[in-house]
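Results of the structural survey
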Amino acid sequence: MNFWKPMLVAVSATLIAPLTSAKAEDATAVTIVLPAGPDRLDPCETPRSVIGRIIKQNVVETLVELDYTNRTTLPRLAESWEQTAPTEWVFKLRQGVTFHDGTPFDAKAVIHSLERTNDPALTCITRTKYLDGTDVKATEIDAHTVKFTTKTAVPILPTLLAQLAISSVNTPKGEYTATPIGTGPYKFDHWTQGENVVLIRSDAYWGNKPLIDKATYVWRSESSVAAAMVETGEADLAFSIAPQDAINPETDKVYPNSDSALFRLSVDIPPLNDVRVRKAINLAIDRQAFLGSIISDKAELAMQQVGPSVLGFNANLKPWPYDPEQAKALLAQAKADGVDVDREIRMIGRPAMFANSNEFVEAAAEMLRSVGFTIKLDNLEMSQWLKMANKPFAEDRQPNVFLTMHDNNSGDAAFTAFFKYHSNGRQSELHDADLDALIVDAGTQAGAKRAEEYNEVFRRIYEDIVADVPLFHMVNYMRVGKRLDFTPTIANAVELQLAKLKLN
Amino acid sequence: MGSFIFKRSLQSVFSLVVLIILVFFLARMTGSPADLYLPQDASLEVRNQFNEQLGFNDPLYVQFGRFFWGLLHFDMGQSLQFSRPAVEVVLQAFPTTLTLAAITMPLVLLLSIVTGSLAAFRPGGVFDRLASFISLIGASTPNFWVAIVGVLVFAVTLRVLPTSGTGTPLHWVLPVAVLMLRPTGVLVQVVRTSMMTALSSAYIKTARAKGVGSRAIVFVHALRNGLLPVITVASDQAAGIVNGAVIVETVFGFPGIGKLMIDSVMLRDFAVIQAAVLVTALAVFIINIIVDITYALVDPRIRYS
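Residues numbered from 1 in each chain as written. Chains lettered and ligands numbered in written order. Predicted model: local features only at pLDDT ≥ 70, side-chain atom pairs only at ≥ 80, totals over all residues.

1. Details of the overall build of chain A
Note the threshold: Here a helix means four or more residues in a row that DSSP labels H or I, a strand means two or more in a row labelled E, and each is numbered from the N terminus. Taken over C-alpha atoms, the radius of gyration is set against a globule rule of 2.2 Å times the number of residues to the power 0.38. Residues are called buried when their C-beta atom has 20 or more other C-beta atoms within 10 Å, exposed when it has 12 or fewer, and partly exposed otherwise; all C-beta atoms are positioned from the backbone. What counts as a contact here is a pair of residues whose C-beta atoms, placed from the backbone, lie within 7 Å.
Helix and strand counts for chain A come out as 14 helices and 21 strands. Taking 2.2 N^0.38 as the reference for a compact globule, 504 residues should give roughly 23 Å; the C-alpha atoms of chain A span a radius of gyration of 25 Å, in line with that estimate. Overall, chain A is about 75 × 75 × 35 Å in size when its C-alpha atoms are taken along their principal axes. Across the 504 residues that make up chain A, the buried fraction comes to 51%. Put simply, 69% of the contacts in chain A that link residues at least 6 apart link residues at least 24 apart.

Printed below as a string of C-alpha cells:
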C-alpha cells in the first residue's frame, strides 16, 4: 500500500485534474443525485417526482404553491384569487414576469398551459390525476386576469392548480417537450440522455436571486453509490438513499415521503366479510416491532391512508394495539358462529414496493399464522399486482390481504377517499351507501367543514368498517453534503427548490 | 469465404425474424402499459384514450402487421417512455456498451491467454495454483458485490477513483475492472486446460527434443492450437457483454443498452424492447461471423468454401 497509494493518487491527479479544477472554480454550482433519470421534462408531468424534482418551481412555476406544513395554498405566479361563483374562480396574475424565451407571462400563457395539459393527445399526469373530470377551462379577462370555470363546483381548485406548471406559449401542443421553458429562477440548459440534466440560474427572474448558479442532476439507482457520491464530494445531495446506507447522522436526513403503506382487505369474501376477522388481523400485526428493524424507526404508525400533511387527516384515531390473544379470541368467536376462519387467505406483496418490503410481508404473514390464520404469501410483479389492485376484480379470487402503498402529495383527501373507498373507486373494496354519500359531500365542502367530513370518512373506515390494516407513514433518507445547509421536508417528495438551498 | 458469409447472413436473417416475432408476442403477454404509464386513479375514459392512441385496443395481429410494416421501412416505432423513435433511443445507448465491450475484451484476452499459458506450462506449480485459485474466485464472485466493494474501497476509502458516471478515463477503470472479472476467470481456466492438452502433444515433445526455447513452444507452437476453444468461449463472453453489462451499467450509472433493456421491460416499452433486441442480435450475429473468420485464420484446416 505504501507504494501503490501515492502512485494511484498521482495517476488520478493527472487524469481527473480537469474535472476537479472545474468544480473548484464553480463554488456555487451543485450536483444532485436522483434515484432515476427523467424520461421527459414536460411541464405537464411535474407531479411525477422523477420530473418534478428537477423542473418544478425551478424551471417552471405554478400559479399556486402548496404549503404542506399549514395544509394551505400560497401565491406564486398568481398574486391572488377569489371564487366569484360556485363554478368560477378569478385569478390575478403577477405582472412583469417573463419566460426564459423572452415571451411575457400573461393570461394567454396560462390558457395555453391549461389547454396543452388537457389535450387528449397527451396523457399529462396533471390532467389524468388531478384535472380529469373537472372540465376546467380558462378565459382571459385581461392580460393579467384569468377566469377558470368548472363543470361542477370544485372548492379545491387552487389546490388543483398547484399542480399546473405554466410554460411559454412556444411550448408545442400535442407533443411532449424535452426542453421546458418556464418563468422560474433556473433555465433549462441541456439534457444528455442517460447521463445528466443541467439547469443554470436565470438572471431575469422576477423573485430574489438564488445563491446557487448551476445545478447538475445525475442519477444512480444503486443507493450505496449515490450515498458514496455525496461522501466523496462528487455530489452535494442524494435524494433517496436506503436506510442501510443512511449511517451518518450529520449528513443523512430523514423526511416524510407522503407514502402510506397498508393492507387492503377483500371485505366481501369470507372469512374477511366478518368484522371480527378483520379486527383480528389488525390486532395480530405487531407494527411497532417493525420500526427500527426492517422499517425505518423514523416512520410513523398509520391509522389511515393519508398523512398529517393532507387536509382531512384525522389526528384523533388511535393505533391498534398488538394483542394476539384478543385476535385469537375474536377468531374463536367467529369460528363458533360458523365463519370459516381456516380458509386460506392470500397475502399479496410486491418486491421493492419499499425498502425491505419482501421481509415485511414474510414477517407479517408469520404473525397472522401465529394467531391461527392460514396465509399463502405471493409477491407479484408490478403489472400482475396492478391487475389485482384495480377493478374489475376477478370473480373467483381468494380472500386477500393486499399490500399497497398510497402516495397523496396533493394536500387534499379527495384524491384518496373516492379512489380507495367509494363504491365507484377503482381500488375500492367497499360499497357502503352512507360512506359514499359522505365522501361525495366532503368533496363539495371547503375549509373546516371539508376537513371535518373527511375526518369522519377516515374514522368510519378505520373504526366502524375496519376496511383495511393501516401500517406506516413512510420516510425517505436524503444525504446532504457538508457544503449545503438544507433540511428536507415532505415537499421534497415531489420537488426540490434550488432557490432554497444555502451554502455552509 | 464470401459465399459463406452470405449463407450465414441468410440464416441469421431467418433467426432474427423468428426472434422478433417471439419478442413481439411475448412482450405483449406481460400486461398493458396503460397501468404503468397512467396514474392508478386515472379514469376508464383516459385509459381507453391511451390505448386507442397507441393502438393497443387493436387485435394483436393488426398490431403485429403495423409493426412489421414499420420494420420493413426501418421504423421500429416510438418509445413510450421517451416519446422519441425507439431506434434513436437504442442507438444512443449502444455505443457506451460497445465501448465497454471493446475495452474489456482485449484486456480479458491478453490477461487470460498470458496467465493461462504460463499456468499450463508448469501444471501444479506455484503460479498455476495461484492462477487457478484467483481465476476461480474471479469467475464465481458476484459482479454486483465486487462493484459495490470497489466503490467503497477505491472511491470512498482511498479516494483514488470516482464512484461512478462518465467523463474522464478514470471513470472507466472500475467498470472495466469489474466487467473483466468473470470472463477473465472463465477464460484463464479454458486457456489453461486447452494449453495443457496442446503442450502434451507429440509435436510439442518433438519441438522440445529439437531444442526449441520454452517461450517459443508456449506462445508460438502450442498457443495456436490451444486457441480454438478459447475463441469459442471468448465469443460467448463478448456476446454477453454486448447484450448488456446490466449490473455494471446500473451500479456505475453508465447509460448502456443493458440497463435500457431492463428498464424498458419493466415499463412495457415494447418499441424499445424490440429495437434493443434487434440491435443486440445483429451485434451478436456480427461477432459470430468474426469468430468464424478467426477460426479459419487460426486453424488452416478450416475452410468455408
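Read on for the rest.
2. Points about the environment of D263(B)
Mapped onto the elements of the fold, D263(B) is located in helix α12 (residues 257-266). Along the backbone, D263(B) and Q81(B) are 182 residues apart, and their C-alpha atoms lie at a distance of 9.7 Å.

3. Here's the deal with the sheet that holds strand β8 (residues 145-149) of chain A
Residue and element names in this part refer to chain A. The cut-off we apply is this: One requirement defines pairing of two strands: DSSP has to find at least two bridges between them. Geometry is summarised by axes, namely lines fitted to C-alpha atoms with helices restricted to the contacting stretch, and by angles between N-to-C directions that run from 0 to 180 degrees.
The sheet built from four strands is open, its strands ordered β5-β6-β8-β7 with antiparallel pairing. Edge positions in the sheet fall to β5 (78-85) and β7 (137-142), since each has one partner strand and no second. Each strand of the sheet is rotated relative to its neighbour by a mean of 25 degrees, with strand direction disregarded. Where β7 lies against β8, five bridges are found, and the strand directions are antiparallel. If you follow E140 over to β8, its bridge partner there is V146. Against the sheet, helix α3 (residues 107-118) touches β6 (88-93), β7 and β8, its axis set at about 175 degrees to β7.

4. Some words on the domain arrangement of chain A
Let me state the cut-off plainly: Here the bounds of each domain stem from an automatic or database domain assignment. As a working rule, the residues Ala, Val, Leu, Ile, Met, Phe, Trp, Tyr, Cys and Pro are called nonpolar, Asp, Glu, Lys and Arg charged, and the rest polar, with Gly in that last group.
Looking at chain A, the domain boundaries give domain 1 (27-249 + 481-503) and domain 2 (256-476). When the residues that make up the side of domain 1 of chain A that touches domain 2 of chain A are grouped by side-chain class, the tally is eleven nonpolar, two polar and one charged.

5. Quick notes on the interface of chain A and chain B
Taken residue by residue, the interface counts 40 residues in chain A and 41 residues in chain B. For the side of chain A that touches chain B, the secondary-structure elements that each account for two or more residues are α1 (4-25), α4 (125-131), β12 (214-219), α6 (223-231) and α11 (382-389) of chain A. No other element matches the seven residues that α1(A) contributes to the side of chain A that touches chain B. Grouping the amino acids of the side of chain A that touches chain B by side-chain chemistry returns 17 nonpolar, eleven polar and twelve charged.

6. A closer look at the environment of Y462(A)
All names here are of chain A. Tracing the chain through its elements places Y462 in helix α14 (residues 447-465). A residue is classified by how many C-beta atoms lie within 10 Å of it, and Y462, with 21 of them, is buried. For the pair Y462 and Q304, spaced 158 residues apart in sequence, the C-alpha separation works out to 6.9 Å. Discounting chain neighbours no more than four positions away, the residues touching Y462 are M303, Q304 and L317.

7. Side note on α6(A)
Counting buried residues along α6(A), nine of its nine residues qualify, which places the element largely inside the surrounding structure. For α6(A), every residue scored as buried is listed here: S223(A), S224(A), V225(A), A226(A), A227(A), A228(A), M229(A), V230(A) and E231(A). Of the surrounding elements, those touching the buried residues of α6(A) are β1 (29-34), β13 (237-241) and β19 (468-480) of chain A together with α7 (143-157) and α11 (246-252) of chain B. Note on α6(A): the residue one or two positions beyond its end, G233(A), has a positive phi of about 85 degrees.

8. Considerations on the confidence of the model for chain A
What counts here: Residue-level confidence of the predictor is summarised by pLDDT, bounded by 0 at the bottom and 100 at the top.
Across chain A, pLDDT averages 91, with 95% of residues at or above 70. Across residues 6-25 of chain A, confidence stays below pLDDT 50; counting only partners more than four residues off in sequence or on other chains, it has 14 contacts.

9. Overview of the packing of helix α1 (residues 2-28) of chain B against helix α13 (residues 270-298) of chain B
Residues and elements named next belong to chain B. Applied cut-off: Here is the rule for angles: anything less than 35 degrees is roughly parallel, anything more than 145 is roughly antiparallel, 65 through 115 is roughly perpendicular, and the remaining ranges are oblique. Crossings are classed by handedness, with left-handed meaning an anticlockwise turn of the near helix from the far one by less than a right angle and right-handed meaning a clockwise turn.
Running from N to C, α1 and α13 point in directions that differ by 155 degrees, and their axes come no closer than 10 Å. The angle between the axes of α1 and α13 places the two elements in the roughly antiparallel class. For the pair α1 and α13, the sense of crossing is right-handed. Contacts between α1 and α13 pair I5, R8, S12, L16, L19, I20, V23, F24, A27 and R28 from the former with F270, I273, Q274, V277, L278, A281, F285, I289 and D292 from the latter.

10. Description of the packing of helix α12 (residues 414-421) of chain A against helix α13 (residues 433-444) of chain A
All names here are of chain A. The geometry of α12 relative to α13 is characterised by a closest axis approach of 10 Å and an angle of 155 degrees between their N-to-C directions. In terms of their interaxial angle, α12 and α13 are classed as roughly antiparallel. For α12 against α13, the interelement crossing comes out left-handed. Counting all contacts with α12, which are made through A414, A417, F418 and Y421, the residues of α13 involved are L435, I439, A442 and G443. Here the contact of α12 with α13 is built from residues that sort into seven nonpolar, one polar and no charged.

11. Things to note about the nonpolar core
Definition in use: By our criterion, buried Ala, Val, Leu, Ile, Met, Phe, Trp, Tyr and Cys residues that link up through C-beta atoms within 7 Å make up a nonpolar core.
Counting 193 residues, the largest nonpolar core has V33(A), L237(A) and A238(A) as the members making the most contacts within it. Take this core: its biggest share by element is 13 residues, from helix α8 (residues 173-199) of chain B. Apart from the residues within four sequence positions on either side, L237(A) is in contact with V30(A), I32(A), V33(A), V230(A), M478(A), R479(A), V480(A), G481(A) and L484(A). Of all hydrophobic cores here, the second largest spans 26 residues; its members include V46(B), V87(B), V90(B) and V279(B).

12. Structural notes on unusual backbone geometry
Geometrically, the link from P270(A) to P271(A) is a cis peptide bond, its omega value of 5 degrees lying close to zero. Among the secondary structure elements, P271(A) is positioned in the loop between β14 (252-265) and α7 (275-284). The omega torsion across K391(A) and P392(A) is 0 degrees, close enough to zero to call that bond cis. With respect to the helices and strands, the residue P392(A) is situated in the loop between α11 and β18 (400-407). Of note in the backbone geometry, S83(B) takes a positive phi value of approximately 55 degrees without being a glycine. Unlike most non-glycine residues, R159(B) shows phi in positive territory, near 55 degrees. In this fold, R159(B) is placed in the loop between α7 and α8.

13. Digging into the environment of R350(A)
All names here are of chain A. Relative to the elements of secondary structure, R350 occurs in the loop between β16 (344-349) and α10 (357-370). Judged by C-beta crowding, with 23 C-beta atoms within 10 Å, R350 ranks as buried. As a C-alpha pair, R350 and L403 span 53 residues in sequence and 7.5 Å in three-dimensional space. Once residues within four sequence positions are removed from consideration, R350 is found in contact with S357, N379, L380, M382, W385 and L403.

14. Considering the pairing of strand β3 (residues 64-67) of chain A
Residue and element names in this part refer to chain A. As defined by bridge partners, β3 adjoins strand β4 (residues 72-75) across four bridges and the pair is classed as antiparallel. Within β4, the position partnered with D67 by the bridge is T72. Hairpin connection of β3 to β4: four residues between the antiparallel strands, including R71 at a positive phi of 50 degrees.

15. Here we look at the confidence of the model for chain B
Low pLDDT means the predicted atomic positions in that stretch should not be read closely. All names here are of chain B. When pLDDT is averaged across chain B, the result is 88; 98% of the residues are at 70 or more. Mean pLDDT in chain B bottoms out at helix α2 (residues 33-37), which sits at 83, and peaks at α7, which reaches 93. Model confidence for the complex: the whole-complex pTM is 0.87, and ipTM, which rates the interface, is 0.85.

16. Some points on the pairing of β13(A)
All names here are of chain A. Within β13, five of the five residues are buried, which leaves the element mostly enclosed by the surrounding structure. Pairing analysis gives two bridges linking β1 to β13, with the strands arranged parallel. Each bridged residue has a counterpart across the sheet, and for V33 the counterpart in β13 is A238. Pairing between β13 and β19: three bridges, direction antiparallel. In the strand pairing of β19, L237 is matched with V480.

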